[in-house]
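Summary of structural features
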Amino acid sequence: MITVAQVIVDVAAYPVDRPFDYSVPAEMTQIIEIGSRVKVPFGPRNVLGFVVAIKNETDVPLEKIKPVSQLLDFEPVLTAEMLELAKWLKNETICYEIDALQVMLPSALRAKYEKIVNLQTDIEVLPRALQEVFRTAPHVNLNVFEKNNLLTELKQALNNKQVSIENIVKQKGKVKEVRKVQITQDVQKLMEIHQQISNRAKKQKQLVEWMQNHAGEVITPEVIYKEAGTSSQVLKSVVELGAAAFVQEEVFRDPFAKEVQKTKFLSLTDEQSSALNQIMAAIDDKQPETFLLHGVTGSGKTEVYLQTIAKVLSKGKEAIVLVPEISLTPQMTERFRSRFGEMVAVMHSGLSVGEKYDEWRKIHQGKVKVVVGARSAVFAPFENVGIIILDEEHESTYKQEDSPRYHARDVALWRAGYHQCPVILGSATPSLESFARAKKNVYKLLTLKDRALKQSLPKVEIVDMRDELKKGNRSMFSQSLVESIHTRLEKNEQIVLFLNRRGYSSFVMCRDCGTVLQCENCDISLTYHRKNEKCKCHYCGYEIHVPKTCPQCQSDHIRFFGTGTQKVEEELAKLFPGARVLRMDVDTTRTKGSHEQLLQAFGDGEADILLGTQMIAKGLDYPNITLVGVLSADTSLHLPDFRAAEKTFQLLTQVSGRAGRHEKPGEVVVQTYTPEHYAIELSQAQDYEPFYEREMHMRHHAGYPPYYYLALIQVSHEDVLMAADYAGKAVEWLRSQLSFKVSIIGPTASGISRLQNRYRYQCLLKYKVEPDLIPTLLQLIKIYRSNWIKKGINLTIDLDPNMI
Ligand SMILES: Nc1ncnc2c1ncn2[C@@H]1O[C@H](COP(=O)(O)OP(=O)(O)OP(=O)(O)O)[C@@H](O)[C@H]1O
Ligand SMILES: [Zn+2]
Ligand SMILES: [Zn+2]
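Residues numbered from 1 in each chain as written. Chains lettered and ligands numbered in written order. Predicted model: local features only at pLDDT ≥ 70, side-chain atom pairs only at ≥ 80, totals over all residues. Heavy atoms only, no water.

1. Side note on the overall build of the protein chain
Per the secondary structure count, the protein chain includes 24 helices and 33 strands. Whereas a compact globule of 804 residues would reach a radius of gyration of roughly 28 Å, the protein chain reaches 30 Å, a difference of no more than 12%. In terms of principal-axis extent, the alpha carbons of the protein chain reach across some 95 × 85 × 70 Å. Look at the contacts in the protein chain between residues 6 or more apart in sequence, and 73% of them connect residues 24 or more apart. As displayed, the protein chain has an accessible area near 37700 Å², and 49% of this comes from carbon and sulfur atoms. Taking the average place of the 101 positive charges on the side chains of the protein chain and the average place of its 99 negative ones, the gap between the two points comes to 2 Å. (Helix = DSSP H or I, 4+ residues; strand = E, 2+ residues; numbered from the N terminus. Rg over C-alpha atoms; globule rule 2.2 N^0.38 Å. Contact = heavy atoms within 4.5 Å. Areas by Shrake-Rupley, 256 points an atom, 1.4 Å probe, with all protein chains shown as cover. Lys, Arg positive; Asp, Glu negative; His and termini not counted. Charge placed at Lys NZ, Arg CZ, Asp CG, Glu CD.)

Below, the structure written as C-alpha cells:
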C-alpha cells in the first residue's frame, strides 16, 4: 500500500494554490506526521513544504509521483487547528496558503535556503581553481564560488556533471549555551585559597575576597569582570586555584533582564467586579462570546485581564494576551510576569530570532501557560486556550500589512470559536467598528466609567497656537505650557511631552521658494538628521547631505524646518536650564534594552521631563506624572487617511491618560493650529460616545467603514506606464464582473506613488454586501498569477486596509 503526503509547497507565484501529492518513502512512513515540515522536489528544485494530509491513494499516476526527499521535523510544528486556520486565512485575506502557514511560525523555523555545491567526481578532473575550493570539503556553499568569481567555471563543471547543486534548508535559532562561573560553595576553602595567594598577586587576592561574598553563586564572567573589577586573566588563574569552575549552561534566552517582585490581586471596584463576573460566566459556560471592555484610561482594565487569566489557569487552560508593539513596554510585561511568574512567555519584535524561537518552544512544549505578545502572538501554539485578550484593540498595528494581510482581532475570534472560549477587546477609545458591533449586541459591552481609585481624569487645556503667533510668540511652546512646566519643576513633579510622529515636520525647506527636499525613489519628504547634517528617507533609507543652496532657486535660505525631538530637546534646555530631560524616540531606543533603561530611569525619578513620540503614548503608569503636554495635535489630523480624526482622538485621549493616574491630580496642555476640529474639541472632555456619534455620522456621509467595506487593490511596476496600464486592466476587468452596487474608485497613483523604485497605482472598492466579490477577486488573482506576474507586475489585494 502506498503512503501519500499532501504538501503545501513554498512556491510563490503559482497560479493555483493547492497541495501537491508526494509519495512517502518506506523509512519515513512511521514517523511522518501532519503538520511537519518536509523537503520535496518541485520542478528542478527542492523546496520547503508542510504536510497537510496523509492518505493511501492519489490521482497522480504512480510512475509520475515523486517521493518526499527529507523530513525536517520529528514532531509536527503545526497543530491541526493551525492547518484549519490557514485554510480560513487563505480565503479570508486572499493569500497563498503557504504564507498563512509560515506566519504562524517563528522566523527561526521559516527556513532559509542555502545552495550547496556537491563534488560528484574525482577532484583532479576539475579545473585548478575549483580544486582549491573543494580541497577542504566535498560540499561547499555556493557563495564561496560567488565570492571567488568562479561561477563560470562552476557552470562548466555543472554541465559536465562533475558537481551538483542542492538547496539546503538552513536551520536558525539553535539552542543557546552560555559559559558561566560557578563559585565554590565552601567559604572556608575560599579563605584557604586566599591565604595561599602571594601578596604580590593583589588582583587575585581581591577577586577571591569578592568571591567569599558570593559563595555558591553561578555568575557570567562579564558580570564578575564588572562587579569585581577584574579581568579574564585573573579570573582564569583563580579558577585554576579551585576557587571557582567554568560551567556550560544551556539556557532559554531570558528576555526579562531582571527579577520581578510578586504582586497580589487587588480587590476590585464594583465596575471591575461586574465586568469580571460576566467574563467568568462565559468561561464557565464555554461560550465563545466577545466582550468589548471599554474603560477610561487608568480604570484598571489590566487588573481585569489579570484576574480573568487567573481563572483560566485554575481551569488548566491557557491565555493569550495581545498588546500593540509599542506598548509592549517592560512595565506592561512585568505586570503579567509579577502575577504569573515563570508561566509567562513574551513575544515582541525586540527579541532576537533565537529568543523568539525559545519563547515559542516554551509555548509549544507546554512549559508556559500565558503569552503576552504583539500581533503574531495570536498564533501561539497553545492547544487548550481559555481566553484571548486584545489590549488597545483599536490599534492599527493589529493589522498586518504584508501577506497574509490579517487582522489579529479576526484571528482571535476564529480561535475563540475553535476553543469555545471568550475574547476580551479592551480600550479607552475603541475602534468605531468594534463599538458599532457592541451597540448592535454582536459584542457584549462592559464599561468602566471611573478610574480605579476614583481619581478624576486630568483637566485638558487646548491652546490655539495661531493666537500665540499673533502675540509674537514664535517658539514651539505656548506661554501656558511654559508656565505649567515651571510649576511642576518647582514641585518636583514629572512631565511628559509628546511630539506627534517621529521627526515630525523635520524636513528641509527653502524659505524663499518653498521647495521641500524629497526622496528620489519614494516621493515623500526626507527627514532631517542633525547629527550628521543629512536628510534621510524613512521608507527606503536613501540619504543625502543637506545642500548648501536650494536645488530649485539657488537661494541659500535652505534649512531644516519644524520640529523634531532633538530640536525640542534643545529648546527645552534653553527655556528650563535646570531641567533633566530624557528623550525617547527611534534614535535613542535603537539598541536593545535602551527602551527599558530610559523608562526605568524616568520611573526612578532620574529625570523631570520625558520627551517622546508615539512610543510614550501608551502604558506609562508612574505616580509622579502630573503634566502632559502635546506639542502639536495637528500632524495626525492632516494625514491622507479616512481614519485621521479617529486616530487623533485616540492619541490625544491616550496621552492625556498618562497624567494624574495616582494620588496627584493631572493636567494636560494640547497645542494646535485647529482647535475647532471636533476630534480635538471632543478629546478635551475625554468622553468617547459624543465623538463616536459624530464620527459615525461623518463615515456614513462619506461612505466609509463601518458602514461600508473597503478593498484596496495595488499594482506596482518599475515602469510607470506598465503600472498604470495594468491597474487600468484590473479595474476594467472588475467593472465587467461586479455589479453596480460596488463602487470602484480609480485607478489613481497611490499616496506614496513610488516606493523602492516601483511606481504604484491603486483602486479602491467600496461595497456593502457583495456575494460575488471574493470569487471575483480570486479570479483576478489567478489572472495575475498566470500572466501579469511574468511581466514584472506586482498586484496585492487588501480587504480592510489601513489607508496609511
Ligand atoms: N481595584 C483596584 N484597586 C486599586 N488599584 C487599582 C485597581 N485596579 C487598578 N488599579 C491601579 O490603577 C492603575 C491603573 O490601572 P490599569 O493600568 O490597569 O488601567 P488601564 O485601564 O489598563 O489603563 P490604560 O488603558 O490607561 O493603560 C494602576 O496603577 C493599577 O495598579
Ligand atoms: Zn528655493
Ligand atoms: Zn525613499
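2. Brief notes about the sheet that holds strand β20 (residues 494–498)
Taken in spatial order, the six strands make up an open sheet running β19-β29-β28-β20-β27-β26, and their pairing is parallel. Here the strands that pair on one side only, and so sit at the sheet edges, are β19 (459–464) and β26 (581–584). Within the sheet, the average angular offset between the axes of one strand and its neighbour, ignoring direction, is 15 degrees. Where strand β28 (residues 625–630) lies against strand β29 (residues 667–672), four bridges are found, and the strand directions are parallel. (Pairing = 2+ DSSP bridges. Axes fitted to C-alpha atoms, helices over the stretch in contact; angles between N-to-C directions.)

3. Thoughts on the UniProt feature "binding site: Zn(2+) 2" (unreviewed entry) in the protein chain
If you check UniProt for "binding site: Zn(2+) 2" (unreviewed entry), the listed places come out as C519, C522, C537 and C540 in our numbering. Looking at the secondary structure, you find C519 in the loop between β21 (507–510) and β22 (527–529). (UniProt positions renumbered as here; feature names shortened; annotations may be inferred.)

4. Quick notes on the pairing of strand β27 (residues 609–612)
Here β27 shows no split at all, with I609 and L611 on one side and L610 and G612 on the other all buried. Across four bridges, β20 lies against β27 in parallel orientation. Bridged to V496 within β27 is L610. Bridging between β26 and β27 involves four bridges; their strand directions are parallel. Across the sheet, residue M584 finds its bridge partner in β27, namely G612. (Buried < 20%, exposed > 50% of the residue type's maximum accessible area, 1.4 Å probe, protein only.)

5. Thoughts on the UniProt feature "binding site: Zn(2+) 1" (unreviewed entry) in the protein chain
The feature "binding site: Zn(2+) 1" (unreviewed entry), as given by UniProt, occupies C510, C513, C550 and C553 in the numbering adopted here. Among the structural elements, C553 can be located in the loop between β24 (543–545) and β25 (558–561). Take C553: its relative accessible area is 34%, and that puts it in the partly exposed class.

6. A short note on the site of ligand 1
The local shell around ligand 1 holds 20 residues, among which Q272, K301, T302, D621 and R661 are the closest. Between ligand 1 and the protein, one listed contact pairs a nitrogen atom with a side-chain N or O atom of Q272 at 2.8 Å. Note that an oxygen atom of ligand 1 is positioned 3.3 Å from one of the backbone N or O atoms of S299. Summarising the interface, the protein chains cover 87% of the accessible area of ligand 1, which totals 630 Å² for the free molecule. With three residues, the top contributor of residues to the shell around ligand 1 is helix α11 (residues 301–314). A class-by-class count of the residues in the shell around ligand 1 yields five nonpolar, nine polar and six charged. (Near = heavy atom within 4 Å. Polar contact = N/O pair within 3.5 Å; in protein donor to acceptor, adjacent residues only side chain to side chain. Nonpolar A, V, L, I, M, F, W, Y, C, P; charged D, E, K, R; others polar.)

7. Re the nonpolar core
Counting residues in hydrophobic clusters, the biggest one holds 63 residues, and the most contacted among them are L78, M104, V371 and F379. Not counting chain neighbours up to four residues away, the residues in contact with V371 comprise A319, I320, V321, A345, M347, I363, A377, A380 and F382. (Core = buried A, V, L, I, M, F, W, Y, C linked by side-chain atoms within 4.5 Å.)

8. Description of the pairing of strand β4 (residues 45–55)
Taken across its 11 residues, β4 has eight buried, putting it largely inside the fold. The pairing of strand β1 (residues 4–9) with β4 spans six bridges and is classified as antiparallel. In the strand pairing of β4, V7 is matched with V51. The pairing of strand β3 (residues 37–42) with β4 spans six bridges and is antiparallel. Bridge assignment links F42 to a residue of β4, and that residue is R45. Between β3 and β4, which pair antiparallel one after the other, the connecting turn spans two residues, and G43 there sits at a positive phi close to 60 degrees.

9. As for the confidence of the model for the protein chain
Looking at the protein chain as a whole, the pLDDT averages 86, with 90% of positions reaching at least 70. Per-element mean pLDDT across the protein chain ranges from 66 in strand β8 (residues 163–170) up to 98 in helix α14 (residues 408–419). Scoring the predicted complex yields pTM 0.76 and, for the interface, ipTM 0.92. (pLDDT = per-residue confidence, 0-100.)

10. A short note on the sheet that holds β24
Pairing in this open sheet of three strands is antiparallel, and the strands run β22-β23-β24 from one edge to the other. Each edge of the open sheet carries a strand with a single partner, namely β22 and β24. With strand direction ignored, the average angle separating the axes of adjacent strands in the sheet is 30 degrees. Relative to β24, strand β23 (residues 534–536) is paired through three bridges, and the arrangement is antiparallel. Paired with C535 across the two strands is I544, which belongs to β24.

11. Some remarks on helix α9 (residues 232–240)
Every buried residue of α9 is accounted for by V234, L235, V238 and V239. For α9, the angular spread of buried residues about the axis comes to 135 degrees, placing them on one side. Turned more than 90 degrees off the buried face of α9, the exposed positions are Q233 and E240. With its phi angle positive at about 95 degrees, G242 sits one or two positions after the end of α9. (Arc of directions from axis to C-beta.)

12. Notes on the pattern of salt bridges
Pairs can form between side chains of opposite charge once their charged atoms are near each other. Tallied over the full model, the rule gives 26 salt bridges. Close ionic contact of K362 with E359 constitutes a salt bridge, the shortest N to O distance being 3.0 Å. Within this pair, K362 and its partner E359 are both found in helix α13 (residues 353–364), separated by three residues, close to a single helical turn. Of the two residues, K362 and E359, neither departs from the other in class, the shared state being buried. Residues K439 and E693 are paired through a salt bridge, measuring 3.6 Å at the closest nitrogen-oxygen approach. (Salt bridge = Lys/Arg side-chain N within 4 Å of Asp/Glu carboxyl O.)

13. Comments concerning the side chain of Q131
If you trace the backbone, Q131 turns up in helix α3 (residues 128–134). Apart from the residues lying within four places of it in its own chain, the contact partners of Q131 are I123, E124 and L126.

14. Quick look at the packing of α11 against helix α12 (residues 330–340)
α12 packs onto α11 with a crossing angle of 35 degrees between their chain directions and a minimal axis gap of 11 Å. Helix-helix and strand crossings are classified by hand; for α11 and α12 the assignment is right-handed. Contacts from T302, E303, L306, I309, A310 and L313 of α11 reach α12 at M332, R335, F336, R339 and F340. Of the residues that constitute the contact of α11 with α12, the class distribution is seven nonpolar, one polar and three charged. (Left-handed = near helix turned anticlockwise from the far one by under 90°.)

15. Comments concerning the packing of aromatic side chains
Centre distance and the angle of the planes are the two values used to describe a pair of aromatic rings. Per the counting criterion, the structure on display carries 15 aromatic pairs. Ring geometry for F379 versus Y406: centroids 5.1 Å apart, planes at 70 degrees, classification edge-to-face. Highlighted residues: F379 in the loop between β15 (370–373) and β16 (385–391) and Y406 in the loop between β16 and α14, separated in sequence by 27 residues. One exposure class covers both F379 and Y406, and it is buried. Relative to F691, the ring of Y678 lies with its centre 6.0 Å away and its plane at 25 degrees, an arrangement referred to as stacked. In this pair, Y678 sits in helix α21 (residues 678–683) while F691 sits in helix α22 (residues 688–702), placing the two residues 13 residues apart along the sequence. On the basis of relative accessible area, Y678 is assigned to the buried category, the value being 9%. Each residue in the set F435, F649, Y678, Y688, F691 and Y692 is aromatic and connected to the rest through ring pairs, giving one cluster. The ring centre of Y704 lies 4.5 Å from the NZ or CZ of K766, which sits over that ring. Here the basic side chain of R785 rests over the ring of Y96, its NZ or CZ set 3.5 Å away from the ring centre. (Phe/Tyr/Trp six-rings, centres within 6.5 Å; stacked < 30°, edge-to-face > 60°. Lys NZ or Arg CZ within 6 Å of the ring centre and 35° of its normal.)

16. Considering the side chain of Q307
Relative to the helices and strands, Q307 resides in helix α11. Relative accessible area serves as the criterion here: at 14%, Q307 is assigned to the buried category. Reaching out from Q307, the side chain makes a polar contact with the side chain of E303 at a distance of 2.9 Å. Ignoring any residue separated from it by four or fewer positions in sequence, one finds Q307 in contact with F265, L266, L268 and L276.

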